Amino acid sequence: MKSYRITLSICCILLLVMGLLCAPAAARTVSAGSTIYVGEEGLDLTAIDPGIVRLVHYSDFTAGAADNMIDVPTANDFDLKAADVGGITGTYYAWSATGMIVPNAFILVKEPSATLDVVLNNSRSDSVDGKTVTRDTTLAFEIQNNVAGLYATPPIAFMNIEVTTPCGGTLTLFGGQNLYNIPIQTSTIYVGGISLADVDTGTYTAQAKWGHGTGLKGKGYDSNTVSFEVSADSLSLASSTGSVTPGQSFAVAVAGSPRTAYWLYVKDAGLTAESDYPLLAPGQPGVAPNVDLPAVEAANYTYTKAYVTTTADGSRMVQFNTGFATKNQTFTIKVVNPSDTSSYDEVQVQVGDDAVTTPTLDLASGWNFVSVPKRLADGNDNASAVFGDVDTAMHSIFRYDAATKLWSALDANSTIEPLNGYWVYANTSTAVDLIFASGGAATPPSKTLAAGWNAIGFSSTVPASAHDALFSVAAAWTNAIGWDADSQEYGLAIVNGGSGAYSDSRTMDPGQGYWLFMTEGGELAALTG
């Protein structure tokens, strides 16, 4: 019997604990003027009036024109169902069996919403949704919501952030942080300090879901889904080309942790003058040249070494220029993590006349939206010289005037200029040779843009981020859209200040045309002369 009593007692305790865990939350008391949310359950409306039997929404209150009525069968245990609301939210007036409850008792009905973002823990403003981060990054989840009527102390509304791992598992404990039963007590909630040091590499997704207590769970009001990729590679460097001729530029792409400063330098080649080396282009965002680097292997000149700070997605494109004084040899560019000098990467770029290649404009079969990256040489800069060998199948070559909002067809003598976007039809894939103008005293090109859509060209022989390429009109541009000639369709827009797939850290490419939307007129400056 003793054994039986002990077993019975344990079972009773377990049942009591389970009952406490699963017990429904106490009914939320709703007074006149309060906000209730579609999907809530167990609402107590008796504080408005114990005799309330109906909620009525009016399309025209003064005319008494009602467009929705919601029955209240039990005033102290009312469920607000989406089917009863029928998408008609706003002010509902309370009625009893004898008529409207005076003085015009009302409540506000809203659809609940929650938005999830994943951001850098330090700034809490840099989204990494859709981006790649490294294991030395610390993240935070941000939940924004519109359920002010549910804020309470102690809390009555909770959400769980469910993280789906690369292998398909679902976690509410991630990066050392508990993501279960997050109290919703303000419009913006952060769960920070999420360490990626011990997580697997791969793509993670996350969604904030309503928990028990309000009745919102599982009713379609959970947040959007965010994603981020965790990479094991903490630092890498890539070059836009392996070789250039003197006078040409090239770019290197740094990929590391978000918002992190790295050393970037040309390794010492034993040369005696700064002009012997490829040099950092001045005035680049996120690039601070002429710094003291303890790396003795760096060429010790103003524009051969710099601190380079990555953007929110952990990348930074950096341009180097060469001149006719640059030595004909192979140079090594190196990036180093100052906090861990064993973490580095390097690329080699050959400078020399034997690296000469004829620049080409590659046209796909069909319509192409193209541009020339630099000024063309006299006599080689008109439509006939550039596109004369292209089989256009009798199609005209078009350009667009944003000021007049009119299209015009080019004639044989029309000048092909940098910063302009041209629409060219090719019956078959064709490579068009370009002959650039030689150096000399000339003002770099610029293009006057109008409010609205502008057809622009990319003005460099090396790729650059949209942020950098459009910096001269940074306050006025909103969207840039390129054309995929292979698929014959527009690509995804690049958004000024955007994040994820729309980030302005995405590159713009030589030879491509873009639609650029401007909120006001501006002057677009070229990246090269």
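Up top you'll find the structure we're talking about.
To start, this report covers the structure provided alongside it. Every value quoted in this text rests on a predicted model; they were computed, and no experiment measured them.

Some words on the overall build of the protein
Looking only at helices and strands, the protein features four helices and 42 strands. Taken over the C-alpha trace, the protein has a radius of gyration of 32 Å; the compact-globule value for 529 residues is 24 Å, which it surpasses by more than 25%. Structurally, the protein occupies a C-alpha span of about 95 × 70 × 40 Å along its principal axes. Each of the 529 residues in the protein was classed as buried or not, and the buried ones make up 44%. Contacts in the protein between residues at least 24 apart in sequence constitute 71% of all its contacts with a sequence separation of at least 6.

Notes on unusual backbone geometry
In this structure, Pro103 follows Val102 across a cis peptide bond, with omega equal to 5°. Relative to the helices and strands, Pro103 resides in the loop between β5 (99-100) and β6 (106-110). That bond from Thr153 to Pro154 is cis: its omega, 0°, falls within 30 degrees of zero. In this fold, Pro154 is placed in the loop between β9 (138-145) and β10 (158-164). Positive phi values are uncommon outside glycine, yet Ala393 reaches one of about 55°. With relative accessibility at 32%, the residue Ala393 sits in the partly exposed group. In the Ramachandran plot, Leu419 falls in the positive-phi region, its phi being about 80° despite a non-glycine side chain. With respect to the element layout, Leu419 can be found in the loop between β31 (406-409) and β32 (422-426).

Concerning the pattern of salt bridges
Side chains carrying opposite charge are able to pair once their charged atoms draw close together. Tallied over the full model, the rule gives eight salt bridges. For Glu297, the salt bridge identified is with Lys267, shortest N-O distance 3.8 Å. Here Lys267 lies in the loop between β21 (261-266) and β22 (279-280) and Glu297 lies in the loop between β23 (287-289) and β24 (305-309), a separation of 30 residues in the sequence. Via salt bridges that share partners, Lys267, Glu297, Lys334 and Glu346 belong to a single interconnected network.

A word on the packing of aromatic side chains
Counted under the stated rule, the structure contains 22 aromatic pairs. With a centroid separation of 6.4 Å and an interplanar angle of 85°, the aromatic rings of Trp423 and Tyr490 are classed as edge-to-face. A residue pair is termed long-range when its members are at least 10 positions apart, and Trp423 in strand β32 and Tyr490 in strand β38 (residues 489-490) qualify at 67 residues. According to the relative accessible area criterion, Trp423 is buried, its value standing at 9%. Relative accessible area serves as the criterion here: at 42%, Tyr490 is assigned to the partly exposed category. Linked through ring pairs, Trp367, Phe369, Phe398, Tyr400, Trp407, Trp423, Tyr425, Trp483, Tyr490 and Trp515 together constitute an aromatic cluster. Note that Lys334 overlies the ring of Tyr344, its terminal NZ or CZ placed 4.2 Å from the centroid.

Considerations on the sheet that holds strand β18 (residues 236-239)
If you walk across this open sheet you meet the four strands as β18-β20-β25-β22, and the pairing is antiparallel. Edge positions in the sheet fall to β18 and β22, since each of these pairs with one other strand and no more. Bridge analysis of strand β20 (residues 249-255) against strand β25 (residues 315-321) gives seven bridges, and the strand direction is antiparallel. Looking at the pairing, Val254 lines up with Arg316 of β25.

Here's the deal with the sheet that holds β23
The strand order across the open sheet built from six strands is β19-β27-β26-β21-β24-β23, with neighbouring strands paired in mixed fashion. Because the sheet does not close on itself, it has two edges, and the strands there are β19 (243-244) and β23. Of the strand pairs in this sheet, β21 and strand β26 (residues 329-337) are connected by four bridges, and their pairing is antiparallel. When the sheet's bridge partners are listed, Tyr265 is paired in β26 with Lys334.

Focus on the environment of Val336
Looking at where Val336 falls in the secondary structure, it is placed in strand β26. Given a relative accessible area of 3%, Val336 falls into the buried group. Along the sequence, Val336 and Gly149 sit 187 residues apart, while their C-alpha atoms lie 51 Å from each other. Discounting residues that sit within four places of it in the chain, Val336 has contacts with Leu235, Tyr262, Trp263, Tyr265, Thr341, Ser343 and Tyr344.

Some points on the side chain of Ser459
Secondary-structure assignment places Ser459 in the loop between β35 (452-457) and β36 (464-465). One polar contact links the side chain of Ser459 to the main-chain amide nitrogen of Leu527, over a distance of 2.9 Å. Ignoring anything within four residues of it in the chain, the contact list for Ser459 reads Pro373, Leu419, Ala525, Ala526, Leu527 and Thr528.

Digging into the pairing of β9
Within β9, six of the eight residues are buried, which leaves it mostly tucked inside the rest of the structure. Note that strand β7 (residues 114-120) and β9 share seven bridges and pair antiparallel. The residue of β9 that forms the bridge with Val118 is Phe141. As paired strands, β9 and strand β15 (residues 188-195) are joined by six bridges and run antiparallel to one another. If you follow Glu142 over to β15, its bridge partner there is Tyr190.

Scoring rules and cut-offs
- Each chain carries its own residue numbering, running from 1 in the written order of its sequence.
- Given that this is a predicted model, residues contribute local features only at a pLDDT of at least 70 and side-chain atom pairs are listed and counted only at 80 or more, while totals for whole chains, interfaces and linings are drawn from all residues.
- Side-chain numbers here rest on the full set of heavy atoms in the structure, without hydrogens or water.
- Strands here mean DSSP runs of E at least two residues long; helices mean DSSP runs of H or I at least four residues long; both are numbered from the N terminus.
- For the radius of gyration, the atom set is restricted to C-alpha positions; the globular benchmark scales as 2.2 Å times the number of residues to the power 0.38.
- For every residue, the accessible area (1.4 Å probe, protein chains only) is compared with the maximum for its type, and the residue is labelled buried under 20%, exposed over 50%, or partly exposed between those bounds.
- Contacts between residues were defined by any pair of non-hydrogen atoms, one from each residue, lying within 4.5 Å.
- Every case where a carboxyl oxygen of Asp or Glu lies within 4 Å of a side-chain nitrogen of Lys or Arg is listed as a salt bridge.
- The pairing test for Phe, Tyr and Trp rings, Trp by its six-membered ring, is centres within 6.5 Å, and the orientation test on the planes gives stacked under 30 degrees, edge-to-face over 60, and tilted for anything in between.
- Only lysine NZ and arginine CZ atoms are considered, and such an atom sits over a ring when it is within 6 Å of the ring centre and within 35 degrees of the ring normal.
- Strands were regarded as paired on the criterion that DSSP finds at least two bridges between them.
- Think of a polar contact as two N or O atoms within 3.5 Å of one another; within protein, one of them needs to be a possible hydrogen donor and the other a possible acceptor, and neighboring residues in sequence only count if both atoms come from side chains.

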